[in-house]
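Here is what each chain is made of, one letter per residue.
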Amino acid sequence: MLLGIVVVAAAGAACTPGGDGASPPTTASTTTSTPAPVTTTTTTTAPPTTTATSTTTTTPPTTAPPPPPASSWPTAATTGVVDESVLTPWTGDCSLRTPGQVIEHKIFDCGPDIYAPGVTIRNSLIRGGEHWGVNVRVDGGDPVVLEHVTIDGGEDCNFASAIGDGHYRAIAVKVLNFGDAFRFSSGDAVVRDSYAKLCAPAGSEAHSDGLQGYRAPSSTADAPQVLEHSTIDQRCARWEGEGTRPENGTGDPDDRACSVTANVFWADDSGDGLVLRDNLFRGGGYTIRVHSGSGHTVVGNVVE
């Protein structure tokens with residue numbers, strides 16, 4: 001208000017004291033309306049500077065999460081036959097030639113030889129077999145599916161493969177007493193949520209492998225070659241019979257062969273793009289031994 005009064009005095013130099021000089025203050029009231037230009041809006045534009053805090057949220061991805069505990073991988077207790085009480089003997093031919101055939105809750109005392117696409121074996125026990133546990137001889141059509149199947153090589157170590165050669169999907173499969181668990185050879189193959197405990201025969205220079213690639217084709221989106229979220233246990237694989245290799249076995253029943261090749265052996269002109277994802281690998285002379293192909297994906301695996 002003092003500023004308004006000063007402005008009025010400067011404008012009214014002809015006024016006499018006590019005269020009609022009281023009227024000029026009316027102009028002061030008009031000048032007091034000038035405080036309207038007080039721009040409180042300047043305080044509302046400042047908050048956008050708080051957007052800088054968003055930059056701190058982008059830093060966490062730089063630290064990789066810790067691996068899951070070993071208990072999160074498949075075990076002998078979480079794979080294979082779910083309910084043994086419902087199993088009955090398989091009385092049919094062990095040569096399976098009917099496309100799309102579904103077999104459930106059976107005990108095979110032979111190694112199924114599968115020639116037809118789309119065959120499914122579920123919640124079943126396969127014991128022994130003269131050579132393979134399951135031999136898939138399918139080149140096209142729907143893949144063969146083995147789900148919650150136990151494949152047991154018997155009291156002696158069956159040094160063939162539990163499953164071969166290709167164009168199959170093994171889900172929650174349990175392999176016991178085989179030298180090789182999963183063979184990838186003549187076609188695409190996917191093993192997921194499965195468990196294999198390997199053994200080794202005496203006096204043999206052959207390999208004992210969890211996954212063995214033998215002239216396997218390259219992996220593609222339509223024909224993948226994948227081992228995922230499975231456990232391969234090769235720790236001190238049992239050395240059967242009268243051992244002749246001093247570095248691995250002496251024939252003593254309590255002896256163990258702890259260096260029989262690899263959890264994964266990819267060789268013999270096998271192709272590109274093998275995928276090994278989120279597996280638990282235990283023991284073995286090698287964990288992953290690659291002699292063939294390129295562009296393989298190895299991610300999220302844990303070695304013990």
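In what follows, the structure referred to is the one given above.
Chemist: I would appreciate a short explanation of the pattern of salt bridges in the present structure.
Modeler: Any two side chains of opposite charge can pair if their charged atoms end up close together. Summed over all chains, the structure comprises 11 salt bridges. Arg-137 is the partner of Asp-113 in a salt bridge, and the nearest nitrogen-oxygen pair spans 2.8 Å. Residue Asp-113 is located in strand S5 (residues 113-114), and its partner Arg-137 is located in the loop between strand S7 (134-136) and strand S8 (144-152); the two are separated by 24 residues in the primary sequence. For Asp-113, a relative accessible area of 19% puts it in the buried group. Looking at Arg-137, the relative accessible area reads 42%, which means it is partly exposed. For Arg-192, the salt bridge identified is with Glu-228, shortest N-O distance 2.9 Å. A residue pair is termed long-range when its members are at least 10 positions apart, and Arg-192 in strand S12 (residues 189-192) and Glu-228 in strand S15 (residues 225-228) qualify at 36 residues.

Chemist: In this structure, what is going on with the side chain of Arg-169? I would like to understand it.
Modeler: Residue placement: Arg-169 occurs in strand S10 (residues 168-171). For Arg-169, a relative accessible area of 18% gives the class buried. Apart from residues no more than four positions distant in its own chain, Arg-169 is found in contact with Pro-143, Val-144, Val-145, Leu-146, Asp-188, Ala-189, Val-190 and Pro-224.

Chemist: Can you walk me through the nonpolar core in this structure?
Modeler: Side chains of a nonpolar character, in soluble globular proteins, are inclined to be buried together. Core analysis: the biggest nonpolar cluster contains 40 residues, and Ile-121, Ile-151, Ile-163, Tyr-168, Val-173, Phe-182 and Phe-184 have the highest contact counts within it. Considering each element in turn, this core owes the most residues, 5 residues, to strand S11 (residues 174-184). Residues within four places of Tyr-168 in sequence aside, it is in contact with Val-136, Pro-143, Val-144, Ile-163, Phe-182, Arg-183, Phe-184, Asp-188, Ala-189, Val-190 and Val-191.

Quick notes on the rules
- Residues numbered from 1 in each chain as written.
- Predicted model: local features only at pLDDT ≥ 70, side-chain atom pairs only at ≥ 80, totals over all residues.
- Heavy atoms only, no water.
- Salt bridge = Lys/Arg side-chain N within 4 Å of Asp/Glu carboxyl O.
- Helix = DSSP H or I, 4+ residues; strand = E, 2+ residues; numbered from the N terminus.
- Buried < 20%, exposed > 50% of the residue type's maximum accessible area, 1.4 Å probe, protein only.
- Contact = heavy atoms within 4.5 Å.
- Core = buried A, V, L, I, M, F, W, Y, C linked by side-chain atoms within 4.5 Å.

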